[in-house]
Amino acid sequence: MTPPDVATDTGAGGGTVKPLPSDAFIVVPVRNTVLFPEVVLPITVGRPSSVAAVQQAVREQRQVVLVLQRDPENNQPGPDDLYRVGTVANVLRYVTSPEGGHHLVCQGVQRFRIDSFVEGYPFLLARGLHLAEPAPTGAEIEARFLVLRDQVREVFDLLPQVPPELRQTVEATTSPGLLADLAATYLDATPPEKQEQLDAVDLVPRLDKISKLLAHRLEVLRLSAEIGKQTKASLDTRQREVLLREQMAAIQRELGEEGTNKQELVDLEKAIGAAKMPPEVEAAARKELRRLQRTPEAASEYSMIRTYLDILVELPWAPPEHKDIDIAEARRILDADHFGLEKIKQRIVEYLAVRKLAPEGKAPILCLAGPPGVGKTSLGQSIARAMGRKFVRVSLGGVHDEAEIRGHRRTYVGAMPGNIIQGIRKAGARDCVMMLDEIDKMGSGVHGDPAAAMLEVLDPEQNATFRDNYLDVPFDLSRVVFITTANMLETIPGPLRDRMEIISLSSYTAGEKLQIAKRYLVRRQLEANGLKPEQVEIDDAALKRIIESYTREAGVRSLEREIGRVLRHIAVEVAEGVTGPKRVDEALVEKVLGAPRFENEVAMRSAVPGVATGLAWTPVGGDILFIEATRTPGGGKLLLTGQLGEVMRESAQAALSLVKSMAGTLKIDPAMFDKNDIHVHVPAGATPKDGPSAGVAMFIALTSLLTGRTVRSDTAMTGEISLRGLVLPVGGIKEKVVAAAGAGIKRVLLPARNRRDYDDIPEEVRKSLEFVWLERVEEAAAQALQD
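Residues numbered from 1 in each chain as written. Predicted model: local features only at pLDDT ≥ 70, side-chain atom pairs only at ≥ 80, totals over all residues. Heavy atoms only, no water.

*Asks:* Help me understand the overall build of the chain, please; the structure alone is not making it clear to me.
*Replies:* Counting its regular elements, the chain contains 28 helices and 24 strands. For 787 residues, the compact-globule formula gives about 28 Å, and the C-alpha radius of gyration of the chain, at 45 Å, lies well above that figure. Along the first, second and third principal axes, the C-alpha set of the chain runs to 120 × 100 × 55 Å. For the chain, with 787 residues in total, the buried portion stands at 46%. When contacts within the chain are restricted to residue pairs at least 6 apart in sequence, long-range pairs at least 24 apart make up 73% of them. In the form shown here, the chain has an accessible surface area of approximately 38,700 Å², with 51% of it arising from carbon and sulfur atoms. Of note, the chain has its 99 positive side-chain charges centred 3 Å away from the centre of its 109 negative side-chain charges. (Helix = DSSP H or I, 4+ residues; strand = E, 2+ residues; numbered from the N terminus. Rg over C-alpha atoms; globule rule 2.2 N^0.38 Å. Buried < 20%, exposed > 50% of the residue type's maximum accessible area, 1.4 Å probe, protein only. Contact = heavy atoms within 4.5 Å. Areas by Shrake-Rupley, 256 points an atom, 1.4 Å probe, with all protein chains shown as cover. Lys, Arg positive; Asp, Glu negative; His and termini not counted. Charge placed at Lys NZ, Arg CZ, Asp CG, Glu CD.)

Written out as structure tokens, the structure reads:
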């Protein structure tokens, strides 16, 4: 409970008025204040109408009616802006201050209900009804009165510094209505709640309302008191801990054990001096060391400061020694570790040559982008070997907290540096090769965006003063060789992608997979399964069978797993004592791995009109897809199924429109479009598909359906189409062509404007395929459809 709010008006004014009716009362609107009968309150007025009203009442020694206005921000309240019940009050004192303020002290007399207002005066004048105080009779009222008094007493006990006079007034009050009005006056309720109490004339509802308000206030006060006790108990516990620590220190002094940790602190000071920290960092470390020396060993801060200093000492602050890069040795290492990837290895050699000639220069950040299993991580390890530097890998997949990059502040329990500083600490070298793996799989959440924190890490202009939140001192990352990996570039934010040089690794061909298996995978799996090379012989036909019939991937991870399964079968025989070398051929592969999982469906699928073979790009490499079209009697509708995206659906619409416009050229009866519904389906319906590159395949499928001519089973195609019949270029040509060759395709129809991608296609794939370059869809129909 607090003293009531004081209403304050603005303005000044006054003046003489015509005589007032004897049965009318001067009305003074007030803000945020409700005056109850028998209560004395100070009031400040400032509006010209209010000042004139008060001065007129003082002149004529008349009573006033104080009424609460509904909106306290209204500076010109009218009759409709006031509550209807107010309080008749005597003006005990009226004072004007030197600053121009008008102050009065009023004593409430009786409730008053306004019935009507009298016009023609510079202030509000109203007629109404005096509301007499009901007589307190009955046991219900007496019981409520006793409950209310107990509540007020308890509030006084919980509140600090309650005036004794107020306690005496409450104890001396015998009127239930007066006690309720006193409680409402000093209760810190809102003005509308107090107005409800003033509106209640009958004693029972009035006592019930104030008791309810007091009960809520009592609950808040009890909780506040309980929280205060708990806080005091916590402070008492801390004081006790301090006292016990002082006693422990005194006991240790008596036992001669006071300096047990002094040697550790001396060693730590020596380590700080030997770490060759920059002056700013060393000053911060010595400051923390002085804090550690003053902190009792049993204190919680001791271990926190000690851990911080240990991490500072372990970090490689000294400038790294220059290491010469042998370019020839780098080529040998790259060739030994990776088969193929000639353009990629050439770019890495160029990168190493620049680092050799300009070791202090700001080399670009390399991003190795490609499908899973093509050797991105192992390329980073090879770069570290070629440079003669330590290699450390930091996995960013699933990271969604900025603190994973920048670290947590030391104010948090269990705080640690971010992954970047921890990686350098693990490598023990400031010039290590750090691979930031799966940079495209970082997320963002309520704890910030780690991709934004990576902007500073990967910017050569900024990372020389990288500041980890845990260290709170700058650390130079400019000598670290950062290499990132990604599967999809689309999910990397633009500003972050702009800081990296993208090196794309595409899918391996079947021939490349065979060589990789012979050179690396078989040897690695022999070691993993405890076999020796002389115990097992795997012929090329068996490896080809695994590649073509049991795997369908861009990289070689599944291939290595399947080779491992075959070798485990041999390992069981060797472990059982079967002697002699074992030979793995196609028959044994099928016996161990079961029936082939992948087969060539192209000839079977394309044997009927309305089926065309398209080429698609996926995040894990290229793939072939089939466009199937059929027609049923109907009214010319086009139905599309197979989880097609919006762009692909639009390609189908464009293909149908193009076929309709060329019906005469293609020898199609135009009536077929009105009498049939056409259904286009792209199998593998559980897989979402999108993009414009299936436009040519859809055109050929629709043309095949409506002309009855089948599509050549050895032909696949890709390309976007326009309504003018042009074949437009698309992306992913290398991956698509490699997938076509792997699926047994012999001819590919490609947009003529994609000739620029021909050199990127592996030579063995180029030799195995016939390439047809398309300018218009008529050429596609002539090359793909059979007579």
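*Asks:* Explanation requested: the nonpolar core in the structure shown.
*Replies:* One broad rule of soluble globular proteins: the nonpolar side chains tend to lie buried together. In this structure, I26, V28, L66, L125, L148, I210 and L214 are the most contacted members of the largest nonpolar core, which totals 55 residues. With residues up to four places along the chain from it excluded, the contact list for I26 reads L20, A53, Q56, A57, Q63, V64, V65, F123, L124 and L125. Y508, A542, V556 and V566 belong to the second-largest nonpolar core, a separate cluster that totals 52 residues. (Core = buried A, V, L, I, M, F, W, Y, C linked by side-chain atoms within 4.5 Å.)

*Asks:* Honestly, helix α8 (residues 279–294) in this entry has me stumped. Any pointers?
*Replies:* It helps to recall that an α-helix has 3.6 residues per turn; residues three or four apart then point in one direction. With 16 residues, α8 ought to run about 22 Å at 1.5 Å a step, and its terminal C-alpha atoms sit 23 Å apart, in line with that. Those residues of α8 that are buried are in contact with α7 (262–274), α9 (300–314) and β11 (474–475). (Expected span 1.5 Å × (residues − 1).)

*Asks:* I keep staring at the pattern of salt bridges and nothing clicks. Help me out?
*Replies:* Oppositely charged side chains can pair when the atoms bearing their charge come close. This model, assessed by the stated rule, comprises 43 salt bridges. The closest approach of N and O atoms between R127 and D23, which form a salt bridge, is 2.9 Å. A residue pair is termed long-range when its members are at least 10 positions apart, and R127 in strand β6 (residues 124–131) and D23 in the segment before β1 (25–30) qualify at 104 residues. It is possible to trace a salt-bridge network through shared partners that takes in R111, E133, D181 and R206. (Salt bridge = Lys/Arg side-chain N within 4 Å of Asp/Glu carboxyl O.)

*Asks:* Quick question: what am I supposed to make of α7 here?
*Replies:* Taking 1.5 Å of rise per residue, 13 residues should cover 18 Å, and α7 covers 19 Å from first to last C-alpha, within 8% of that figure. If you check which residues of α7 are buried, you get L265, L268 and I272. Looking down the long axis of α7, one finds its buried residues gathered within 60° of arc, a one-sided arrangement. Relative to its buried face, α7 has exposed residues pointing more than 90 degrees away, namely K270 and A274. Structurally, α7 contributes buried residues whose contacts are with α8 and α9. Within two residues after α7, K276 carries a phi angle of roughly 55°, on the positive side. (Arc of directions from axis to C-beta.)

*Asks:* I'm lost on the sheet that holds strand β13 (residues 500–504) in this one. Help?
*Replies:* Where strands meet in a sheet, backbone hydrogen bonds hold them as pairs that are either parallel or antiparallel. Pairing is parallel across the open sheet formed by 5 strands, whose spatial order is β8-β9-β12-β7-β13. The open sheet terminates on both sides in strands that have one partner only, identified here as β8 (391–395) and β13. Ignoring which end each strand starts from, the neighbouring axes of this sheet average 25° apart. In this sheet, strand β12 (residues 481–486) lies alongside strand β9 (residues 433–437) in parallel orientation, the contact comprising 4 bridges. What sits directly across from V433, in β12, is V481. Contacts from helix α11 (residues 342–357) reach β7 (365–369), β12 and β13, with the element oriented near 150° to β13. (Pairing = 2+ DSSP bridges. Axes fitted to C-alpha atoms, helices over the stretch in contact; angles between N-to-C directions.)

*Asks:* Hey, could you run me through the packing of aromatic side chains in this one?
*Replies:* Each aromatic ring pair is characterised by the separation of its centres together with the angle its planes make. According to the stated counting rule, one finds 7 aromatic pairs in the structure shown. Look at F771 and W773: their rings are 6.0 Å apart centre to centre, the planes differ by 10°, and that puts the pair in the stacked class. Under the relative-accessibility criterion, W773 is labelled buried at 17%. Geometry around Y758 places R766 over its ring, the cationic atom sitting 5.2 Å from the centre. (Phe/Tyr/Trp six-rings, centres within 6.5 Å; stacked < 30°, edge-to-face > 60°. Lys NZ or Arg CZ within 6 Å of the ring centre and 35° of its normal.)

*Asks:* Explain the pairing of β12 here, please?
*Replies:* Within a regular beta strand, the side chains point alternately toward one face of the sheet and then the other, so they alternate between its two faces. The buried fraction of β12 is high, at 6 of 6 residues. Alignment of β7 against β12, held across 4 bridges, turns out to be parallel. Pairing of A369 across the sheet is with A486, part of β12.

*Asks:* How should unusual backbone geometry be read in this particular structure?
*Replies:* One non-glycine residue, N32, adopts positive backbone phi at about 60°. Within the secondary structure layout, N32 lies in the loop between β1 and β2 (40–45). Judged by its relative accessible area of 35%, N32 falls in the partly exposed class. You will see that E38, though not glycine, has its phi angle at about 70°, which is positive.

*Asks:* What exactly am I supposed to notice about the environment of F156 here?
*Replies:* Along the chain, the position of F156 falls in helix α2 (residues 139–158). Here F156 falls in the buried class, since its relative accessible area comes to 6%. Expressed as a C-alpha distance, the spacing of F156 and M434, which sit 278 residues apart in the sequence, is 68 Å. Contacts of F156, omitting those with residues within four sequence positions, involve V162, L166, R167 and V170.

*Asks:* In this structure, what is going on with the confidence of the model for the chain? I would like to understand it.
*Replies:* Caution applies to low-pLDDT parts of the model: their predicted coordinates are not meant to be read in detail. Residue-level pLDDT values for the chain average 84, and 94% of them are 70 or greater. Note on residues 1–15: pLDDT is under 50 here. Beyond four places in sequence and across chains, it has 55 contacts. (pLDDT = per-residue confidence, 0-100.)

*Asks:* When you look at the packing of helix α10 (residues 327–337) against helix α12 (residues 376–387) in this model, what are you seeing that I'm missing?
*Replies:* Two quantities define a packed helix pair, namely the angle between the axes and the distance from one axis to the other. Look at α10 against α12: their axes get within 9 Å of each other, and the N-to-C directions meet at 155°. By the angle class used here, α10 and α12 are roughly antiparallel. For the element pair α10 and α12, the recorded crossing hand is right-handed. Taking contact as the criterion, the partners of A330, I333, L334 and D337 in α10 are, on α12, L379, S382, R385 and A386. The class makeup of the residues in the contact of α10 with α12 is 5 nonpolar, 1 polar and 2 charged. (Parallel < 35°, antiparallel > 145°, perpendicular 65-115°, else oblique. Left-handed = near helix turned anticlockwise from the far one by under 90°. Nonpolar A, V, L, I, M, F, W, Y, C, P; charged D, E, K, R; others polar.)

*Asks:* Can you help me understand the state of the cysteines in this one?
*Replies:* The term disulfide refers to a covalent linkage connecting the sulfur atoms of a pair of cysteines. One pass over the full model with this rule turns up 0 disulfides. No disulfide involves C432; its sulfur sits 18 Å from the nearest other cysteine sulfur, which is in C367. (Disulfide = S-S within 2.5 Å.)

*Asks:* Help me understand the packing of α2 against helix α4 (residues 176–186), please; the structure alone is not making it clear to me.
*Replies:* In the contact formed by α2 and α4, the axes pass within 10 Å of each other and the chain directions differ by 30°. Considering how the two elements wind past one another, α2 and α4 form a crossing that is left-handed. Touching I141, F145, L148, R149 and V152 of α2 are P176, L179, A180 and A183, all from α4. Grouping the constituent residues of the contact of α2 with α4 by class yields 8 nonpolar, no polar and 1 charged.

*Asks:* Please clarify how the side chain of R206 should be interpreted in this entry.
*Replies:* Looking at the element boundaries, R206 is found in helix α6 (residues 203–255). Classification of R206 by relative accessible area gives buried; the value is 0%. At 2.8 Å, the side chain of R206 and the backbone oxygen of V201 are in polar contact. Apart from residues lying up to four places away in sequence, R206 is in contact with R111, E133, P134, G177, A180, D181, Q197, A200 and V201. (Polar contact = N/O pair within 3.5 Å; in protein donor to acceptor, adjacent residues only side chain to side chain.)

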